Amino acid sequence: MVRGSSSTLSSGRVALDDVLACPRCRDSVSADSPVCARCGHSYAVNSSGFVQLVAGDAVISIDVIDTDYAADQHDAESGLYERYLKPYLAAIAPRSVVDVGCGMGRAVTLMARDGYDAFGVDVPQVARLWADYENDPRRFVSGDATALPFRDGVFDLAVSRGVIEHIGTSIGHYTLNSDFRLARRRFAGELLRILKPGGRAVVACPNKAFPVDIQHAPSDGLGHVNPLRQRVFDRTGINLHRTWGAYHLLSFPELRALFLEAGARAVTPLPVRDYFAFKRFQQGALKPLGSAATAYVNHLPRALWRTALNPYVIAEVRA
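What counts and how
- Residues numbered from 1 in each chain as written.
- Predicted model: local features only at pLDDT ≥ 70, side-chain atom pairs only at ≥ 80, totals over all residues.
- Heavy atoms only, no water.
- Axes fitted to C-alpha atoms, helices over the stretch in contact; angles between N-to-C directions.
- Helix = DSSP H or I, 4+ residues; strand = E, 2+ residues; numbered from the N terminus.
- Parallel < 35°, antiparallel > 145°, perpendicular 65-115°, else oblique.
- Left-handed = near helix turned anticlockwise from the far one by under 90°.
- Contact = heavy atoms within 4.5 Å.
- Salt bridge = Lys/Arg side-chain N within 4 Å of Asp/Glu carboxyl O.
- Buried < 20%, exposed > 50% of the residue type's maximum accessible area, 1.4 Å probe, protein only.
- Expected span 1.5 Å × (residues − 1).
- Pairing = 2+ DSSP bridges.
- Right-handed = clockwise from strand over helix to strand, strands pointing away.

**Some remarks on the packing of helix 2 (residues 67-92) against helix 3 (residues 106-113)**
At a minimum axis distance of 9 Å, the contact between helix 2 and helix 3 shows a crossing angle of 45°. Compared by their axis directions, helix 2 and helix 3 come out oblique. Crossing hand, helix 2 versus helix 3: right-handed. Contacts between helix 2 and helix 3 involve His74, Glu77, Ser78, Tyr81, Glu82, Leu85, Lys86 and Leu89 on the former and, on the latter, Arg106, Ala107, Leu110, Met111 and Arg113.

**Topic: the pattern of salt bridges**
The final tally for this structure, using the stated rule, is 17 salt bridges. For Glu82, the salt bridge goes to Lys86, with nearest N and O atoms at 3.7 Å. Here Lys86 and Glu82 lie together in helix 2, a separation of four residues that amounts to about one turn. Taking the relative accessible area as the measure of exposure, Lys86 reaches 33% and is therefore partly exposed.

**A closer look at helix 5 (residues 180-193)**
Helix length check: helix 5, at 14 residues, gives a terminal C-alpha distance of 20 Å against a target of 20 Å (1.5 Å per residue), a fit within 8%. Looking at helix 5, one finds that the buried residues are Phe180, Ala183, Arg184, Phe187, Ala188, Glu190, Leu191, Leu192 and Arg193. In this structure, the buried residues of helix 5 make contact with strand 3 (96-100), strand 6 (155-161), strand 7 (195-206), helix 7 (252-261) and strand 11 (312-318).

**Points about unusual backbone geometry**
Of note in this structure, Ala93 is not a glycine but carries a positive phi near 50°. One can find Ala93 in the loop between helix 2 and strand 3. The exposure class assigned to Ala93 is exposed, which follows from its relative accessible area of 58%. One non-glycine residue, Glu134, adopts positive backbone phi at about 55°. As for its placement among the helices and strands, Glu134 is situated in the loop between helix 4 (124-127) and strand 5 (140-142).

**With respect to the pairing of strand 6**
Counting buried positions along strand 6 yields six of seven residues, so the element is predominantly enclosed. Here three bridges tie strand 3 to strand 6, and the two strands are oriented parallel to one another. Residue pairing across strands places Val98 opposite Ala158, the latter belonging to strand 6. By the bridge criterion, six bridges tie strand 6 to strand 7 in an arrangement that is parallel. Following the sheet pairing, Phe155 is matched in strand 7 by Leu195. What joins strand 6 to strand 7 is helix 5, and the crossover it makes is right-handed.

In short, the description is geometric, and any link to function would need to be established separately.
Laid out in structure tokens, this is it:
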């Protein structure tokens, strides 16, 4: 693991202390001595040197992270970064980037390698595993996406993939709390708050309006699930879900309305091409399905990006 002061990176670069803030009062706070001078709250640093900035009223709802899932996520991030994020970054040329819900942090490490001032934030349960992946404590902080531990207007770009659908859920998966809409409004407002004027956020999740989800199981164990849905998922890895009512996924119109209400200037769909590898469907009897799915998303016309025919919502939000 790279060790060193959280407040220093190479000369001329943005350091973690340049962007950190107390999530309670928004005053500046140091990762090395995380005590807020304004409100006096003292924050923890875990045994691996990662600071934990979580406000007392933050909405953290997630259960224990499975280490096998974490390893799979880390490995998949390299391909996604090279295929999708790296070309996007090259096109818009941001200086400072934050990955909100960064998981095991692979994308942050790769962005830093490529010269971006990149930082990652995720919940403390995830942060406990960061040392296993040799993440740099000068680039990562644990916190809550509904009360981000960053100053106002400090990032050119915020990336948040596969996060918004879990905001406002009981254990970080699919069962919604009664106040999930409020939690998601807070999340949208926080992403916009930390962006510079004219900055961008990329927000991605499976499309609620598309009836097939290959990323989530039918149930997280808290709610009733139709036995047929569960049987189809167990055999194929495909979750056939409803496209109406309160559900943990969002459609493009729902995501757009959420961010416009929070103050975004514009919300536009991005292409899905090269976002998926469909590794689960690239072998055995399901290989033809994987090939067909890849061809479908990689050739989806622009006119359909915001519709129910797109399996995924990827939106660029402008502050």
